[in-house]
Amino acid sequence: MKYFSTRGTDQLLSFEETVLAGLAPDGGLYIPEHVPSLPENWRTAWKDHSFVDLSVEVLSLYISPEEIKRQELRALVEKSYSTFRHPDVAPLKKLDEKTYVLELFHGPTFAFKDVALQLLGNLFEFFLKRRNARKGPGEKPEKLTVVGATSGDTGSAAIYGLRNKANIAIFILHPKGRVSPIQEAQMTTVTDANVHNLAVQGTFDDCQDIVKSLFADREFNSTHRLGAVNSINWARILAQTVYYFLSYFHLRRSVPNPDAVEIQYVVPTGNFGDILAGYYAKRMGLPMGRLGVATNANDILARFWKSGAYEKVDSGAGSGADGASAPVAGGSDGKQAADASGVRETLSPAMDILVSSNFERLLWYLAFEGAAQDEDATARRRAASATIADWMGKMKSDGRVQVPVSVLELARRDFFAERVSDEQTLETIKYYFNSNAHYIADPHTAVGLRAARVVASQNPPQVRQIILSTAHPAKFSEAVTRALQGASSFDFERDVLPSEFKGLLERERRVIDVEAPKVDLVKKVIERFAEPAGEVGASI
């Protein structure tokens, strides 16, 4: 299996090259040259597999044994998921007869990002060790400078996946004051010498744009050998496809007539990576209905599915639009109005994203399917990549692109989208706490649960919904406690707070302040701290 850029270069990369490169030099994202089909006997052969077993099977479809031998792949997978607290890694929990949550927060940082980033960290280490073992006496070892942007959970998950790994330095950019206190503490209290946290005065989109600019700077990239941990890295998407298969088998075991059931996945998403993994699973042949895109007030994706316009600012909203809606108790800063960048601060801050990076991958497949059918696959691939380069250029220059109706119809065939407000998020947390399931959801999961309830009344009776639960509720204590204030049976410390979080906010921190969202300022930090020596607690 080889990989190529969504924006059209003909260069084909190996899996190793794709993982280490992260982002293509032309700014595109790497995708596989084809999506493999499942083996004919997968339903029977895989039905009793563990998460580790399924990971080996699915990843083997995308990774040649000439690159990673099967026994090496199994060792990597076993090492990656030995850190999880639940034996299923991603357990499926039933809320009612038609509603399930897939809990993805049982890894070391209590967020779904651990599923991919524990593996990615081990892949980085594996590839570097193998490359350096081939070097002769006196040759300098290869090193990797990992750079990532986080809206909350990617940062700590990446740090826990890479802390103290030889020949790897990691730099994580987060928007200062725009992540939850627990999320910030999880990142900045890691004081390993190879870990560097950058608090950028700006938004997540600013941080993400800086990271993309660093990768696009060929000289800087080559000098520092940049590696990506954001979901622009293909390995993250691939790792996340596995829990769709696991939940499929677990649900089938829980219902009396599994062949009569249709599964509908609903995914709270900001950067479109988690739900894109489900799309790949569907293209491979995993049976499911349309995937549900659940967004918060930062609803660029929900608006796309309504109009076909992929745009930073809602061109259809007048001056009375809800961009300046009334404050909702429990918001990250007590407000929901959009700031100067257009990003709204919400109860679900990990989804406070203006542009969804991984959406480009889906757009490529839509453009490919819409290309002239009388052309061969290579010509269609080039045409699709040229279309994506044009669309992404328009997004950069104009902040919007309008896709043809035919493309929108293709998108609606496999997806639907719902927008959820902060008020609805609070109501949903309270609803499921007071339900028979007595379930406590974090605000991101609540966005998914609310979107699922909206469409449930329109579903045929055979549909069962699986909502991806992306984070532990303790990571968003303010939202959860405000939603459940006055509930006599609720005690946050007793019902929610894990022992691992106790005292976390009081621990020593290591963070570098970046006073403006400028690429040059971040470059200075990397150049200064790429080697283990250097001051901490500095400002740039």
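Residues numbered from 1 in each chain as written. Predicted model: local features only at pLDDT ≥ 70, side-chain atom pairs only at ≥ 80, totals over all residues. Heavy atoms only, no water.

Caption draft 1: Highlighting the overall build of the protein chain. From N to C terminus, the protein chain includes 21 helices and 15 strands. Taken over C-alpha atoms, the radius of gyration comes to 22 Å for the protein chain, in line with the 24 Å a tight globule of 540 residues would show. The dimensions of the protein chain, computed from C-alpha atoms along their principal axes, are 65 × 60 × 50 Å. In the protein chain, buried positions account for 59% of the 540 residues. The long-range share in the protein chain, meaning contacts at least 24 apart out of those at least 6 apart in sequence, stands at 75%. Accessible surface for the protein chain amounts to roughly 20,900 Å². Of this, 47% is attributable to carbon and sulfur atoms. (Helix = DSSP H or I, 4+ residues; strand = E, 2+ residues; numbered from the N terminus. Rg over C-alpha atoms; globule rule 2.2 N^0.38 Å. Buried < 20%, exposed > 50% of the residue type's maximum accessible area, 1.4 Å probe, protein only. Contact = heavy atoms within 4.5 Å. Areas by Shrake-Rupley, 256 points an atom, 1.4 Å probe, with all protein chains shown as cover.)

Caption draft 2: Looking closely at the packing of helix α13 (residues 300-307) against helix α16 (residues 405-414). Across the interface, α13 lies against α16 with an axial gap of 8 Å and an inter-helix angle of 115°. Counted together, Phe304, Trp305, Lys306 and Ser307 of α13 and Leu408, Ala411 and Arg412 of α16 form the full contact between these two elements. Grouping the constituent residues of the contact of α13 with α16 by class yields four nonpolar, one polar and two charged. (Axes fitted to C-alpha atoms, helices over the stretch in contact; angles between N-to-C directions. Nonpolar A, V, L, I, M, F, W, Y, C, P; charged D, E, K, R; others polar.)

Caption draft 3: Quick peek at the packing of aromatic side chains. Going through the model one piece at a time under the given rule, you end up with 35 aromatic pairs. Both rings, one in Trp234 and one in Tyr280, keep their centres 4.9 Å apart while their planes meet at 75°; by these two values the pair is edge-to-face. Separated by 46 residues along the polypeptide, Trp234 in helix α10 (residues 234-240) and Tyr280 in helix α12 (residues 273-284) bring together distant segments of the chain. For Tyr280, a relative accessible area of 0% gives the class buried. Here the basic side chain of Arg85 rests over the ring of Phe110, its NZ or CZ set 3.6 Å away from the ring centre. In this structure, Arg163 is placed above the aromatic ring of Tyr160, and the distance from its NZ or CZ to the ring centre is 5.2 Å. (Phe/Tyr/Trp six-rings, centres within 6.5 Å; stacked < 30°, edge-to-face > 60°. Lys NZ or Arg CZ within 6 Å of the ring centre and 35° of its normal.)

Caption draft 4: Seen up close, the sheet that holds strand β7 (residues 195-200). In spatial order, the strands read β8-β5-β6-β7-β15; together these five strands make up an open sheet with parallel pairing. Strands with a single pairing partner mark the edges of an open sheet, and in this sheet they are β8 (226-228) and β15 (512-514). Across the sheet, the axes of successive neighbouring strands diverge by a mean angle of 30°, strand direction being ignored. Summarising the sheet, strand β5 (residues 144-149) and β8 pair through three bridges and their orientation is parallel. Bridging across to β8, Val147 finds its partner in Ala228. Packed onto the sheet, helix α7 (residues 181-188) meets β6 (168-175) and β7 and runs at close to 160° relative to β6. Contacts from helix α8 (residues 204-216) reach β5, β6, β7 and β8, with the element oriented near 150° to β5. (Pairing = 2+ DSSP bridges.)

Caption draft 5: Examining the pairing of strand β3 (residues 92-96) more closely. Sheet topology places β3 next to strand β4 (residues 99-103); four bridges connect them, and they run antiparallel. Counterpart to Leu92 in the pairing with β4 is Leu102. Between the end of β3 and the start of β4, which pair antiparallel, lie two residues.

Caption draft 6: Structural view of the nonpolar core. Judged by nonpolar contacts, the single largest core of 119 residues is most densely connected at Phe15 and Trp305. With 10 residues, the single largest contributor to this core is helix α5 (residues 113-133). The contacts of Phe15, once residues within four sequence positions are left out, are Tyr3, Tyr62, Ile63, Glu67, Ile68, Leu123, Phe127, Trp234, Ala235 and Leu238. (Core = buried A, V, L, I, M, F, W, Y, C linked by side-chain atoms within 4.5 Å.)

Caption draft 7: Structural detail: the packing of α5 against helix α6 (residues 153-162). Direction vectors running N to C along α5 and α6 enclose 35°, while the axes themselves pass 8 Å from each other. Regarding α5 and α6, the two cross each other, and that crossing is right-handed. Only Asp153, Thr154, Ala157, Ala158, Tyr160, Gly161 and Leu162 of α6 make contact with α5, whose side of the interface consists of Lys113, Asp114, Leu117, Gln118, Gly121 and Phe124. Across the contact of α5 with α6, the residue classes tally to six nonpolar, four polar and three charged. (Left-handed = near helix turned anticlockwise from the far one by under 90°.)

Caption draft 8: Highlighting helix α3 (residues 51-60). Burial analysis of α3 places seven of its 10 residues in the buried class, which makes it a mostly covered element. Along α3, the residues classified as buried are Phe51, Val52, Leu54, Ser55, Val56, Val58 and Leu59. In this fold, the buried residues of α3 make contact with α4 (70-81), α5, α10, α11 (242-254) and α12.

Caption draft 9: Representation of the environment of Ser151. Note that Ser151 resides in the loop between β5 and α6. Sequence spacing of Ser151 and Pro349 is 198 residues, and the spatial spacing of their C-alpha atoms is 6.7 Å. Not counting chain neighbours up to four residues away, the residues in contact with Ser151 comprise Arg178, Val179, Gln183, Phe204, Pro349, Ala350 and Ile353. Reaching out from Ser151, the side chain makes a polar contact with the backbone oxygen of Ala350 at a distance of 2.8 Å. (Polar contact = N/O pair within 3.5 Å; in protein donor to acceptor, adjacent residues only side chain to side chain.)

Caption draft 10: α11, seen in detail. Here α11 is 13 residues long and its end C-alpha atoms lie 19 Å apart, about the 18 Å a rise of 1.5 Å per residue gives. With respect to burial, α11 is a largely interior element, 10 of its 13 residues being buried. Along α11, the positions that sit buried rather than exposed are Val242, Tyr243, Tyr244, Phe245, Leu246, Ser247, Tyr248, Phe249, His250 and Leu251. (Expected span 1.5 Å × (residues − 1).)

Caption draft 11: Summary view of the environment of Thr269. With respect to the secondary-structure elements, Thr269 resides in the loop between β9 (262-268) and α12. Residue Thr269 is classed as buried on the basis of its relative accessible area, which comes to 5%. Sequence separation between Thr269 and Ser385 is 116 residues; the distance between their C-alpha atoms is 25 Å. Once residues within four sequence positions are removed from consideration, Thr269 is found in contact with Ile275, Val293, Ala294, Thr295, Leu301 and Met351.

Caption draft 12: Up close: the pairing of β4. Of all the five residues making up β4, five are buried; the element is thus mostly covered by neighbouring parts of the structure. Residues Thr99, Val101 and Glu103 point to one face of β4 and Tyr100 and Leu102 to the other, with burial holding for every one of them. In this structure, β4 lies alongside strand β14 (residues 463-469), joined through five bridges in parallel fashion. Residue pairing in the sheet places Tyr100 in a bridge with Ile466 of β14.

Note that all results are geometric; they support no functional claim without further evidence.
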